[in-house]
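Inside the fold
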Amino acid sequence: QVQLVESGGGLVQPGGSLRLSCAVSGRAFSNYRIGWFRQAPGKEREFVALITRNGGIRDYTDSVQGRFTISIDTARNTMSLQMNSLKPEDTAVYYCALKRSLSDSFNPEYWGQGTQVTVSS
């Protein structure tokens, strides 16, 4: 089994920063992509960012490009998302997600429970 556990969500003012983390445990995979989706109330789940296990490839949705940075600590099986210059529209539940492969569509097989990020004055 694979367990993904998110942490770091909370309430922050516009322009502020948060750092989300996702700890991976239960199985060891030689290759995978891991990243974040988010879902705001009444909206579809949206891709945010991904990174390959070795950190060689990173990808972001346009709305967070330049503000968010995804990284991975392979030795500790921990992936993080540094979110800067946060905007109210970033408010959502953020989900860590993992797919075992380095190609094809990023349709994750494993999901975390989610962590709430609220950006508000």
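Residues numbered from 1 in each chain as written. Predicted model: local features only at pLDDT ≥ 70, side-chain atom pairs only at ≥ 80, totals over all residues. Heavy atoms only, no water.

**Some words on the pairing of strand β1 (residues 3-7)**
In β1, alternate side chains face the same way, and those of L4 and E6 are buried while those of Q3, V5 and S7 on the opposite face are not. Pairing of β1 with strand β3 (residues 18-25), which is carried by 5 bridges, proceeds in the antiparallel orientation. By the bridge assignment, L4 is partnered in β3 with V24. (Buried < 20%, exposed > 50% of the residue type's maximum accessible area, 1.4 Å probe, protein only. Helix = DSSP H or I, 4+ residues; strand = E, 2+ residues; numbered from the N terminus. Pairing = 2+ DSSP bridges.)

**Some thoughts on the sheet that holds strand β8 (residues 78-83)**
Two orientations exist for strands paired in a sheet by backbone hydrogen bonds: parallel and antiparallel. In space, the 4 strands of this open sheet follow the order β1-β3-β8-β7, with antiparallel pairing throughout. Of all strands in the sheet, those bounded by a partner on one side alone are β1 and β7 (68-73). Taking the axes of each pair of neighbouring strands and ignoring which way they run, one obtains an average angle of 15° across the sheet. (Axes fitted to C-alpha atoms, helices over the stretch in contact; angles between N-to-C directions.)

**Structural notes on the nonpolar core**
With 30 residues, the main nonpolar core has L4, I34, W36, M79, L81, M83 and Y94 as its most contacted residues. Elements supplying a minimum of two residues to this core: β3, β4 (33-39), β5 (46-52), β7, β8, β9 (92-99) and β11 (115-119). (Core = buried A, V, L, I, M, F, W, Y, C linked by side-chain atoms within 4.5 Å.)

**Thoughts on the side chain of D90**
On the secondary structure map, D90 appears in the loop between β8 and β9. For D90, a relative accessible area of 0% gives the class buried. Of the polar contacts made by the side chain of D90, one reaches the side chain of R38; its length is 2.9 Å. With residues near it in sequence (within four places) discarded, D90 still touches R38, R67, F68, S85, V117 and V119. (Polar contact = N/O pair within 3.5 Å; in protein donor to acceptor, adjacent residues only side chain to side chain. Contact = heavy atoms within 4.5 Å.)

**As for the pattern of salt bridges**
Between side chains of opposite charge, pairing is possible as soon as their charged atoms come close. Here the structure, examined in full by the defined rule, presents 4 salt bridges. A salt bridge links R38 to E46; the nearest nitrogen and oxygen atoms lie 2.9 Å apart. A residue is classified by how much of its surface remains accessible, and R38, at 6% relative accessible area, is buried. The shortest N-O distance in the salt bridge between D90 and R38 comes to 2.9 Å. Taken as a pair, D90 in the loop between β8 and β9 and R38 in strand β4 lie far apart in primary sequence, 52 residues in all. Residues D90 and R38 agree in their burial class; the two are buried. Salt bridges here are not isolated pairs; linked through shared partners, they connect R38, E46, R67 and D90. (Salt bridge = Lys/Arg side-chain N within 4 Å of Asp/Glu carboxyl O.)

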